[in-house]
Amino acid sequence: MQKPPFLKKGDTVGVLALAWKVAFEDLEAAIAFMETEWELKVVLGESLKTSYNQYAATDEVRARDFQQMLDNPSIKAIFSARGGYGSARILDQINFDAFLENPKWLIGFSDITAVLCHAFCLGVESIHGVMPKLFLQEGGAQSLESLKDLLFGKPISY
């Protein structure tokens, strides 16, 4: 298995919505948290500010967002803002060649597990973990700290 490089302060990460729509205002605190507390640069996908029925955007927009982030070598990790349903609808549209040349962390759970399983089948580690929509939820501090430790290559202590 290939392990993507661990993050360092100042790295760039992407946040997009691979599945259901999400209210952007529900993400603003999490984005600010990543920028101030983790000292990361955050690139936002178009899919965070659109919707198409129950989805964050059309399949084409969600696929384009994901492809652009996979292909961008400066992006070191990609967070799906939330789960729901829809990521499996776009997987066949994605070219993972650049991702395999330049692996990056893919983070999410729920419906995003389809994407994580695809990364596993390609031989790249990913993280089944908390998503930005839930970063600052009550009682979630330990999950968020564990995610940070994983991403930054620190031993996890429970």
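So, a few notes on the structure that sits alongside this text. (Residues numbered from 1 in each chain as written. Predicted model: local features only at pLDDT ≥ 70, side-chain atom pairs only at ≥ 80, totals over all residues. Heavy atoms only, no water.)

1. A short note on the pattern of salt bridges
(1) Moving on: For the structure on display, the rule yields six salt bridges.
(2) Moving on: Salt-bridge contacts for Asp 11 lead to Lys 8; the nearest nitrogen and oxygen are separated by 3.5 Å.
(3) Moving on: The exposure class assigned to Asp 11 is buried, which follows from its relative accessible area of 10%.
(4) Moving on: Its relative accessible area of 52% is what places Lys 8 among the exposed residues.
(5) Moving on: Arg 89 is the partner of Asp 59 in a salt bridge, and the nearest nitrogen-oxygen pair spans 2.9 Å. (Salt bridge = Lys/Arg side-chain N within 4 Å of Asp/Glu carboxyl O. Buried < 20%, exposed > 50% of the residue type's maximum accessible area, 1.4 Å probe, protein only.)

2. Quick notes on the side chain of Ser 47
(1) Moving on: Topologically, Ser 47 is positioned in the loop between β2 (41-44) and α2 (59-71).
(2) Moving on: Excluding its chain neighbours within four sequence positions, the residues that come into contact with Ser 47 are Leu 16, Ala 17, Ala 56, Ala 57, Val 61, Arg 62 and Asp 65. (Helix = DSSP H or I, 4+ residues; strand = E, 2+ residues; numbered from the N terminus. Contact = heavy atoms within 4.5 Å.)

3. What to know about helix α4 (residues 113-121)
(1) Moving on: For α4, the set of buried residues is Val 115, Leu 116 and Ala 119. In a view along the axis of α4, the buried residues occupy a sector of 100 degrees, so they form one face of it. Of the exposed residues in α4, those oriented more than 90 degrees away from the buried face are Phe 120 and Cys 121.
(2) Moving on: Following α4 by one or two positions, Gly 123 has its phi on the positive side, about 85 degrees. (Arc of directions from axis to C-beta.)

4. Here's the deal with the nonpolar core
(1) Moving on: In this structure, Trp 38, Phe 79, Phe 135, Leu 147 and Leu 151 are the most contacted members of the largest nonpolar core, which totals 27 residues.
(2) Moving on: Not counting chain neighbours up to four residues away, the residues in contact with Leu 147 comprise Trp 38, Phe 79, Ile 107, Ile 127, Val 130 and Phe 135.
(3) Moving on: Counting 21 residues, the second largest nonpolar core, distinct from the first, contains Met 69, Ile 94, Ala 119 and Val 124. (Core = buried A, V, L, I, M, F, W, Y, C linked by side-chain atoms within 4.5 Å.)

Coordinates in, geometry out; function isn't part of it.
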